[in-house]
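Report on the structure
Residue strings, one per chain:
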Amino acid sequence: MLLEVSGLRVAYPARGGEVAVVRGVDLAVAPGECLGIVGESGSGKSQTMLAILGLAGPGARVSGSAIFAGEELVGMPQSRLQGLRGDRIGLVFQDSITGLTPHMRIGDQLAEVLVVHRGASPGAARAEALQMLEVLQIPEPAYRLGQYPHELSGGMRQRVMIAMALLCRPALLIADEPTTALDTTVQAAILRSFAKLKAHAGTALVLISHDLGVVAGLADRVAVMYAGRIVESAPAEQLFATPRHPYTKGLLASMPRLDGPPGGPLPAIEGQPPDPAAVADTGCAFAPRCGIARPACMADLPQPAAVGPAHRVACHAVEPA
Ligand SMILES: Nc1ncnc2c1ncn2[C@@H]1O[C@H](COP(=O)(O)OP(=O)(O)OP(=O)(O)O)[C@@H](O)[C@H]1O
Ligand SMILES: [Mg+2]
């Protein structure tokens, strides 16, 4: 495995103790694989990945294990984590503008990455930067190199950020809602370029999104998070064809389908995701919103159990295989 996370917990100090926002997450990413992480807002998707990169908020208590290419990231000194980020692990966030230096031309910023991280000559770095913009299907790539970040559209800036993350040829790219603020055409172009990079450069990808549709086309495996835990994980095809957890079923039912009847409101999962401070370790966090909850669901925390090859579900109502 390229990345193996086990028992990851992230908690923040709060009045009278602490509040856990990630509550024992296990996940693994093989080289060249795409793992999709989905779940409603606040379920802990971002905190899971930020914590293992040493980017959790101030005061965060991070425990458990995250082994990347044989090295433990939890507890690794910041200076070493900083060396990994943007080098062997690339990062792309939703808010792309903050990642670019405003007063530097795009071409200089991209080339600098290669000069600093890979010791490339300025000429070679520029040529490679141009090539990466071409791979990412940025219109008029040579012209873009001479532009400043504010001169680009949001979609183009996001692709420049992705180019920057990929120029170091990271073994792992973590993309957190990389297309959420963009229109569907740009979104599709970005997802296509991820697929290309995965196929050609063998880059492993963790794709975080609250939108199942975004991960559907790209992920090899999908992990569904609810209230700081993974409630279901499976190969993507299997998850979409035979979801087992009531929460996953609800998410899928609220996803627009090309082959479904046009128009009409989509059924949403009733209720709200819980406040992390109100989540207990007794009982299933989804039980209050679940249509098939039984008494055991309120009393005992369901543990993930195998229901098929590489398919795990944490639900009392699902029979283990
Ligand atoms: N610095 C912090 N201090 C305390 N709580 C935090 C901090 N950062 C995040 N949280 C809380 O952690 C929980 C999980 O947040 P996280 O950002 O991981 O959710 P998410 O699944 O990525 O949601 P979204 O889809 O909205 O991005 C949320 O309840 C959030 O309020
Ligand atoms: Mg997030």
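Presented here is a report on the structure given in the accompanying data block. On a predicted model such as this, the values are computed, not experimentally measured, just so you know.

Below, the discussion takes up unusual backbone geometry. With phi around 55 degrees, Arg-169 is a residue other than glycine that occupies positive phi space. Relative to the helices and strands, Arg-169 resides in the loop between helix H6 (154-167) and strand E7 (172-176). Even without glycine at this site, Glu-177 takes up a positive phi of about 50 degrees. Residue placement: Glu-177 occurs in the loop between E7 and helix H7 (184-201).

Across a sheet, strands are paired by hydrogen bonds formed along the backbone, either parallel or antiparallel in direction. A sheet is described by the order of its strands in space; here 4 strands give the open sequence E2-E1-E4-E5, paired in antiparallel fashion. Strand pairing shows two members of the sheet lacking a second neighbour, strand E2 (17-29) and strand E5 (71-72), which therefore form its edges. Two elements, strand E4 (residues 61-68) and E5, share 2 bridges in a ladder whose sense is antiparallel. Residue pairing in the sheet places Phe-68 in a bridge with Glu-71 of E5.

One open sheet accounts for 8 strands, arranged E6-E7-E8-E3-E9-E10-E12-E11; its pairing is mixed. At either end of the open sheet lies a strand with only one pairing partner, and these are strand E6 (89-92) and strand E11 (305-308). Pairwise comparison of adjacent strand axes, ignoring direction, gives a mean angle of 20 degrees for this sheet. Inspection of the sheet shows strand E10 (residues 229-235) paired to strand E12 (residues 311-313) by 2 bridges, in the antiparallel sense. Residue pairing in the sheet places Glu-232 in a bridge with Val-313 of E12. Strand contacts of helix H1 (residues 45-52): strand E3 (34-38), E7, strand E8 (204-209) and strand E9 (221-226), with the helix running at about 140 degrees to E8, the strand carrying the most contacts.

By the secondary structure assignment, Gln-109 is in helix H3 (residues 106-118). Given a relative accessible area of 3%, Gln-109 falls into the buried group. Residues contacting Gln-109, with those up to four places away along its chain left out, are Leu-100, Thr-101, Met-104, Pro-149 and Met-164.

This part is about the pattern of salt bridges. Counted by the stated rule, this structure contains 12 salt bridges. Among the ionic pairs, Asp-281 bridges to Arg-23, the shortest N-O distance being 3.1 Å. Taken together, the residues span a long stretch of sequence, with Asp-281 in the loop between helix H10 (246-253) and helix H11 (295-299) and Arg-23 in strand E2 at a distance of 258 residues. Put simply, Glu-33 and Arg-221 hold a salt bridge, and the shortest N to O gap is 3.0 Å. Taken together, the residues Glu-33 in the loop between E2 and E3 and Arg-221 in strand E9 connect sequence positions 188 residues apart. Across the pair, Arg-221 and Glu-33 agree in class, each one buried. Connected via shared salt-bridge partners are Arg-9, Glu-18 and Arg-61.

Let us now look at the nonpolar core. Counting residues in each nonpolar core, the largest one holds 61 residues, and the members touching the most others are Leu-110, Phe-194 and Leu-207. No other element matches the 9 residues that H6 contributes to this core. In contact with Leu-110, other than residues within four places in its own chain, are Ala-129, Leu-133, Leu-145, Val-160, Ala-163, Met-164 and Leu-167.

Attention now moves to the pairing of E8. The element E8 is extensively covered by neighbouring structure, given that 6 of its 6 residues are classed as buried. Neither face of E8 is exposed, since Ala-204, Val-206 and Ile-208 on one face and Leu-205, Leu-207 and Ser-209 on the opposite face are all buried. In terms of strand pairing, E3 meets E8 through 5 bridges, oriented parallel. Pairing of Val-38 across the sheet is with Ser-209, part of E8. Note on the crossover from E7 through H7 to E8: the handedness is right-handed.

Turning our eyes to something else, we now look at the packing of H3 against H6. It is the contact of H3 with H6, at a shortest axis distance of 9 Å, that shows an interaxial angle of 15 degrees. One element, H3, and the other, H6, form an angle in the roughly parallel class. Once H3 is placed against H6, the crossing between them reads as right-handed. Taken together, the residues of H6 that come into contact with H3 (itself represented by Ile-106, Gln-109, Leu-110, Val-113, Leu-114 and Arg-118) are Val-160, Ala-163, Met-164 and Leu-167.

So, on to the site of ligand 1. Neighbouring ligand 1 are 13 residues, the closest being Ser-41, Gly-42, Lys-45, Ser-46 and Gln-47. Contact between ligand 1 and Ser-43: an oxygen atom at 3.2 Å from a main-chain N or O atom of the residue. At a separation of 2.8 Å, an oxygen atom of ligand 1 approaches a polar side-chain atom of Ser-46. Coverage of ligand 1 by the protein chains reaches 64% of its 640 Å² of free accessible surface. Sort the elements by how many residues they give to the shell around ligand 1 and H1 lands first, with 3 residues. Of the residues assigned to the shell around ligand 1, the class counts are 3 nonpolar, 7 polar and 3 charged.

Rules used in this analysis
Residues numbered from 1 in each chain as written. Chains lettered and ligands numbered in written order. Predicted model: local features only at pLDDT ≥ 70, side-chain atom pairs only at ≥ 80, totals over all residues. Heavy atoms only, no water. Helix = DSSP H or I, 4+ residues; strand = E, 2+ residues; numbered from the N terminus. Pairing = 2+ DSSP bridges. Axes fitted to C-alpha atoms, helices over the stretch in contact; angles between N-to-C directions. Contact = heavy atoms within 4.5 Å. Buried < 20%, exposed > 50% of the residue type's maximum accessible area, 1.4 Å probe, protein only. Salt bridge = Lys/Arg side-chain N within 4 Å of Asp/Glu carboxyl O. Core = buried A, V, L, I, M, F, W, Y, C linked by side-chain atoms within 4.5 Å. Right-handed = clockwise from strand over helix to strand, strands pointing away. Parallel < 35°, antiparallel > 145°, perpendicular 65-115°, else oblique. Left-handed = near helix turned anticlockwise from the far one by under 90°. Near = heavy atom within 4 Å. Polar contact = N/O pair within 3.5 Å; in protein donor to acceptor, adjacent residues only side chain to side chain. Areas by Shrake-Rupley, 256 points an atom, 1.4 Å probe, with all protein chains shown as cover. Nonpolar A, V, L, I, M, F, W, Y, C, P; charged D, E, K, R; others polar.

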